[in-house]
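# Observations on the model geometry
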Amino acid sequence: MTAKITAPAIRARKGGDKITMITAYDEPTARIADRAGADIILVGDSVANVVLGRTDTLGMTIDEMVHHTAAVTSAEPNALIVGDMPWLSYHTTTEAAVRNAGRFVQEGGAESVKLEGGEKRLDVIRAVLDAEIPVMGHLGLTPQSVQAMGGYHVQGRQAAAAYNLVTEAKMLAEAGVFAIVLEGVPDVVAELVTREVAVPTIGIGAGAACDGQVLVFHDVLGLHKKRTAKFVRQYAQLADVAEAALQEFFADVRSGDFPGEDETYHMPEESAQILEELHEGSADLPGAGLVTDTFLADEAMES
Ligand code: KIV
């Protein structure tokens, strides 16, 4: 069995083998991701878009995120579990941020948390780290800033903005984050950050130079039919596979082909005979008890 992946182990992979990270929001998807060999499973607030049908991530609450994290944790993955702190769960006070990060660990079973932002979030990052919770940073196109950015736009395209981004990445690394997600930034900027900071960078729409890559589970597998971002590569169209399978199931129900003999419980011949007589009123129940659902269900489960 391979050793459980920890935040320090990810930190130590700077410049080494590429790090693989994928989102998951529930137990079955976490199991699939883990069996496939993910290094990190991110319980991302992108659950808002890909599972809950929302248009942005801003409405996610700490309760909802902890709920999804606990589902992922129950898969007991070898991969490191990162809980994504939702908007407003770390923007008020550092005390609130520590408490909310703690909920991911205590109630959700997460082994680390991710939060978006640079210099403005340094105090909070330090406080969460002081509480012994490993933190992953997230810079560039940070979806929780969608209103402030005026939409989902690539960040750091101008030299000054790119320079700020590199500076902020250094600040996060010096504060002690174990890795930094770089989202929606030009490849040269990500390359510079990757060269300049001592912790692994994990890119999403940030080019090939990062120490690792992350994508959203439902995007990679084509579990939806929505338009995806330029940086997504789809490795399957599972929505089509699922649709075809369900069409077959419905056709079998309509034709009477489902359920067949193999999918049906049977009763011993003798019990069926007694049931028939009870129904007709021509026999008494052996033992003179009530005919309960439990009685019938127990008999059914045996055959
Ligand atoms: O919520 C999410 O899925 C993310 C990744 C895209 C990095 O933050």
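Up top is the structure.
Presented here is an overview of the structure given in this document. Small disclaimer: the values here were computed from a predicted structure and weren't measured.

## Focus: the nonpolar core
Core analysis: the biggest nonpolar cluster contains 74 residues, and Ile 40, Met 136, Leu 182 and Ile 202 have the highest contact counts within it. Counting residues per element, this core draws most heavily on helix H8 (residues 159-175), which supplies seven residues. Here Leu 182 is in contact with Leu 139, Leu 165, Ala 190, Val 193, Thr 201, Ile 202, Gly 203, Ile 204, Ala 206 and Cys 210, once residues within four sequence places are set aside.

## Some thoughts on the sheet that holds strand S2 (residues 40-43)
One closed barrel accounts for eight strands, arranged S1-S2-S3-S4-S5-S6-S7-S8; its pairing is parallel. Sheet twist, expressed as the mean angle between neighbouring strand axes with direction ignored, is 25 degrees. Of the strand pairs in this sheet, S2 and strand S3 (residues 80-84) are connected by four bridges, and their pairing is parallel. Paired with Leu 42 across the two strands is Val 82, which belongs to S3.

## Re the site of the ligand
Taken together, the neighbourhood of the ligand is formed by Thr 23, Leu 42, Gly 44, Asp 45, Ser 46, Asp 84, Lys 114, His 138, Val 181, Ile 204 and Val 216. Side-chain polar atom of Ser 46 to an oxygen atom of the ligand: 2.5 Å apart, as the coordinates give it. Contact between the ligand and Lys 114: an oxygen atom at 3.1 Å from a side-chain N or O atom of the residue. When isolated, the ligand has an accessible area of 260 Å², and the protein chains bury 96% of it. Partitioned by chemical class, the residues of the shell around the ligand number four nonpolar, four polar and three charged.

## Regarding the side chain of Ser 112
Mapped onto the elements, Ser 112 comes out in strand S4 (residues 112-114). Judged by its relative accessible area of 0%, Ser 112 falls in the buried class. Separated by 3.2 Å, the side chain of Ser 112 and the backbone oxygen of Ile 81 make a polar contact. With sequence-adjacent residues up to four places away left out, Ser 112 is seen in contact with Leu 80, Ile 81, Val 82, Gly 83, Ile 133, Pro 134 and Phe 178.

## Examining helix H11 (residues 238-255)
Under the 1.5 Å per step criterion, the end-to-end length of H11 is 26 Å for 18 residues, consistent within 8% with the ideal 26 Å. At the exit of H11 stands Gly 256, carrying a positive phi of roughly 85 degrees.

## Concerning a nonpolar patch on the surface
On the surface, Leu 246, Phe 249, Phe 250, Val 253 and Phe 258 cluster together to form a nonpolar patch covering roughly 420 Å² of accessible area. Counting through the fold element by element, Phe 258 comes out in the loop between H11 and helix H12 (269-280). The partly exposed category is assigned to Phe 258, whose relative accessible area is 35%.

## What to know about the pairing of S2
Side-chain positions along a regular strand alternate between the two faces of the sheet. Here S2 shows no split at all, with Ile 40 and Leu 42 on one side and Ile 41 and Val 43 on the other all buried. Two strands pair when backbone bridges link them, and strand S1 (residues 19-23) and S2 are joined in this way by three bridges, in the parallel orientation. Within the sheet, the bridge partner assigned to Ile 22 lies in S2 and is Ile 41. Handedness of the crossover joining S1 and S2 through helix H2 (residues 27-35): right-handed.

## A short note on the pattern of salt bridges
Summed over all chains, the structure comprises twelve salt bridges. The partner of Glu 27 in a salt bridge is Arg 31, with the nearest N and O atoms 2.6 Å apart. Taken together, the residues Glu 27 and Arg 31, both in helix H2 and four residues apart, mark about one turn of the helix. Assessed through its relative accessible area of 26%, Glu 27 is described here as partly exposed. The residue Asp 240 makes a salt bridge to Lys 225 at a minimum N-O spacing of 2.5 Å. Separated by 15 residues along the polypeptide, Asp 240 in helix H11 and Lys 225 in the loop between helix H10 (217-220) and H11 bring together distant segments of the chain.

Parameters at a glance
Residues numbered from 1 in each chain as written. Predicted model: local features only at pLDDT ≥ 70, side-chain atom pairs only at ≥ 80, totals over all residues. Heavy atoms only, no water. Core = buried A, V, L, I, M, F, W, Y, C linked by side-chain atoms within 4.5 Å. Buried < 20%, exposed > 50% of the residue type's maximum accessible area, 1.4 Å probe, protein only. Helix = DSSP H or I, 4+ residues; strand = E, 2+ residues; numbered from the N terminus. Contact = heavy atoms within 4.5 Å. Pairing = 2+ DSSP bridges. Axes fitted to C-alpha atoms, helices over the stretch in contact; angles between N-to-C directions. Near = heavy atom within 4 Å. Polar contact = N/O pair within 3.5 Å; in protein donor to acceptor, adjacent residues only side chain to side chain. Areas by Shrake-Rupley, 256 points an atom, 1.4 Å probe, with all protein chains shown as cover. Nonpolar A, V, L, I, M, F, W, Y, C, P; charged D, E, K, R; others polar. Expected span 1.5 Å × (residues − 1). Patch = residues over 30% accessible without salt bridge, like charges linked within 9 Å, V, L, I, M, F, W, Y side chains within 5 Å. Salt bridge = Lys/Arg side-chain N within 4 Å of Asp/Glu carboxyl O. Right-handed = clockwise from strand over helix to strand, strands pointing away.

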